[in-house]
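# Commentary on secondary and tertiary structure
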Amino acid sequence: MPITNLQIDHTIAALVDILSFAHPADAVLSRYFREHPKLGSRDRAFVAETVFAILRHKRFLEYAAGSNAPRQLVLSYLARIEGMNLRQMEPLLKPREKEWFGEMKGRAAKDLPLGMQVDFPDWLVDKLRAVMSEAELLELGRALQQPAPLDLRVNTLLASRDEVLAQLASDKFEATPTPYSPIGIRLQGKPAINRHSLFESGRLEVQDEGSQLLGFLLAPTRHDMTVDFCAGAGGKTLMLGAMMHSQGRLYAFDVSDKRLAKLKPRLARSGLSNVHPQMIANERDARIKRLAGKIDKVLVDAPCSGLGTLRRNPDLKWRQTPESVAELTAKQASILESAATLVKKGGRLVYATCSILPEENQAIVEAFLARHPEFKLLDCAELLKKQHIALDSGQYLHLSPARHGTDGFFAAAMERST
């Protein structure tokens, strides 16, 4: 069906709010749709997909349009990324825009600066150039410009992956096993899986394959006391609980009551009875001190820049700054220090982020290990091999959308020896 001026107008209006980067793009869009309840599902889909695509290609589209005005960005996206020609777009153009359209369509895409090719801000290009080649940076940047697939995790407490795949196939979903996680499923397209009986009954959860692999690095057993130190809405908590067969004791810590509140309905669906959500005031909370030296497995999925999730959250590259990253690294170091106090002798500590920046990743871990000789670094490839997962990215786990089809993730596994 042809694109309508109504769709263009609503996309521009939503983009005006989003381009201030005062709030996350998905939150702004959700509010916009609530304020415009008469928009049909097809119109909402067009607005959402176009807005996120513009955020993925913002630098190039500003160059092509010769402008950062929302209307010009929308029209440039349709012409330069979607490939629409003048005949197709004429009903959408104002009379005075036809000359501009010709200029925009003719702007060369060759020999552009690297930052424009990968569509990163210059500060991010400079940081990544220090640790990867231009070819690797181009590969990463182009992978992050693509929309992410929809990955699901099977709740092994209630179903097997084969059973779930069979039901999805019978319901005409295009679903395949994820290549690395033995409990992951990848769906084609963006079906409303949250209304499917598999989801409503707790047998499926939405979770990126990379995030699932963190659980296999921690590998909690039914006899363990386990802590998910930055649990958030609990996606990894639920996976850890299922790995523990709903036995042992699993604490879900977070500083945000709102995030933990989102865990409650998911927990109710999951069938788990070993999860204990706990809001903590900060990383020095008394609850943490009471558990010091008692925990077998601790996962720290630290608050981070989120730059590994740009396929899903492309606004983050425009909302983060070198200053905000520096603030995060201080917080990450403090959180890791606190979480480490929980680990008993022989226990395991996994530090992870969904960032692609070394200063949030190996730099944090190396500084921690230098201060704490009682912890030794484990080999992530070996740990995954023991879980029958053939994925060797080195001693640290480095996941890339370009090479692995996951979000960008980093993880380090450590063991307390004394």
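Scroll up to find the structure this text is about.
We now turn to the structure provided with this report.

## Focus on empty space enclosed by the protein
Enumeration over the complete set of coordinates arrives at one cavity of 30 Å³ or more. The volume enclosed by the largest cavity comes to roughly 40 Å³. Of the residues that constitute the lining of the largest cavity, the class distribution is two nonpolar, three polar and three charged.

## Structural notes on the nonpolar core
Membership of the largest hydrophobic core comes to 40 residues, with the highest contact counts inside it found for Leu29, Val51 and Leu78. Of all the elements in the fold, those that place two or more residues in this core are helix H1 (5–18), helix H2 (25–35), helix H3 (41–56), helix H4 (58–65), helix H5 (70–81) and helix H7 (97–106). With seven residues, the single largest contributor to this core is H3. Those residues in contact with Val51, other than ones at most four positions away along the chain, are Thr11, Ala14, Leu15, Ile18 and Leu29. Ranked by size, the runner-up nonpolar core spans 35 residues in total, among them Leu214, Leu250, Val275 and Cys354.

## Focus: the sheet that holds strand E3 (residues 184–187)
Strand order across the open sheet formed by four strands is E2-E3-E1-E4, with antiparallel pairing between neighbours. Looking along the sheet, the strands with just one partner apiece sit at the ends: strand E2 (175–177) and strand E4 (204–206). Strand-to-strand twist of the sheet, defined as the mean angle between neighbouring strand axes without regard to direction, takes the value 35°. In terms of strand pairing, strand E1 (residues 150–154) meets E4 through three bridges, oriented antiparallel. The residue of E4 that forms the bridge with Arg153 is Glu205. Its contacts with the sheet place helix H11 (residues 161–170) against E1, E2, E3 and E4, and it is angled at close to 20° to E3.

## Structural notes on the side chain of Thr237
With respect to the secondary-structure elements, Thr237 resides in helix H14 (residues 235–243). In this view, Thr237 contacts Asp228, Ala231, Leu250, Ala252 and Val275; residues no more than four positions away in its chain are not counted.

## Side note on unusual backbone geometry
With the exception of glycine, the majority of residues adopt a negative phi angle, and the majority of peptide bonds are in the trans configuration. Notably, Lys172 is not glycine yet its phi reads approximately 70°, a positive angle. Take Lys172: it is sitting in the loop between H11 and E2. Even without being a glycine, Ser246 presents a positive backbone phi close to 60°. Tracing the backbone through its elements, the reader meets Ser246 in the loop between H14 and strand E6 (249–254).

## Some points on the layout of surface pockets
Considering only enclosed or pocket space, the second largest pocket measures out at about 470 Å³ in volume. Lining the second largest pocket are 22 residues, with Met132, Ile356, His398, Ser400 and Arg403 positioned closest to its centre. Mapped by element, the contributors of at least two residues to the lining of the second largest pocket are helix H10 (134–144), strand E11 (397–399), helix H21 (401–404) and strand E12 (409–416). Looking at which element gives the most residues to the lining of the second largest pocket, the answer is H21, with four residues.

## Some words on the environment of Glu382
Within the secondary structure, Glu382 is located in helix H20 (residues 380–386). Glu382 gets classed as partly exposed once you look at its relative accessible area, which sits at 43%. A C-alpha to C-alpha distance of 9.4 Å links Glu382 and Leu217, two positions 165 residues apart in sequence.

## Details of the packing of H3 against H5
Contact geometry for H3 and H5: axes closest at 10 Å, N-to-C directions at 90°. Overall, the two elements H3 and H5 adopt an arrangement that is roughly perpendicular. Contacts from Phe46, Thr50, Ala53 and Ile54 in H3 reach Leu73, Val74, Tyr77 and Leu78 in H5. Of the residues belonging to the contact of H3 with H5, the class tally is seven nonpolar, one polar and no charged.

## As for the pattern of salt bridges
Evaluation of the coordinates by the stated rule reveals 29 salt bridges. For Glu359, the salt bridge goes to Lys127, with nearest N and O atoms at 3.1 Å. Pair noted here: Glu359 is in the loop between strand E9 (343–353) and helix H19 (362–371) and Lys127 is in helix H9 (residues 122–129), with a separation of 232 residues, a long-range link. Its relative accessible area of 26% is what places Glu359 among the partly exposed residues. Residue Arg266 is joined to Glu205 by a salt bridge in which the shortest nitrogen-to-oxygen separation is 2.9 Å. You can see Arg266 sitting in helix H15 (residues 257–270) and its partner Glu205 sitting in strand E4, a full 61 residues away along the chain. Of the two residues, Arg266 and Glu205, neither departs from the other in class, the shared state being buried.

Rules of the game
- Residues numbered from 1 in each chain as written.
- Predicted model: local features only at pLDDT ≥ 70, side-chain atom pairs only at ≥ 80, totals over all residues.
- Heavy atoms only, no water.
- 1 Å grid on protein atoms, 1.4 Å probe; cavity = no way out; pocket = protein on both sides within 12 Å on 5 of 7 lines; lining within 4 Å.
- Points joined across faces, edges and corners; volume = space filled by probe spheres on them.
- Nonpolar A, V, L, I, M, F, W, Y, C, P; charged D, E, K, R; others polar.
- Core = buried A, V, L, I, M, F, W, Y, C linked by side-chain atoms within 4.5 Å.
- Buried < 20%, exposed > 50% of the residue type's maximum accessible area, 1.4 Å probe, protein only.
- Helix = DSSP H or I, 4+ residues; strand = E, 2+ residues; numbered from the N terminus.
- Contact = heavy atoms within 4.5 Å.
- Pairing = 2+ DSSP bridges.
- Axes fitted to C-alpha atoms, helices over the stretch in contact; angles between N-to-C directions.
- Parallel < 35°, antiparallel > 145°, perpendicular 65-115°, else oblique.
- Salt bridge = Lys/Arg side-chain N within 4 Å of Asp/Glu carboxyl O.

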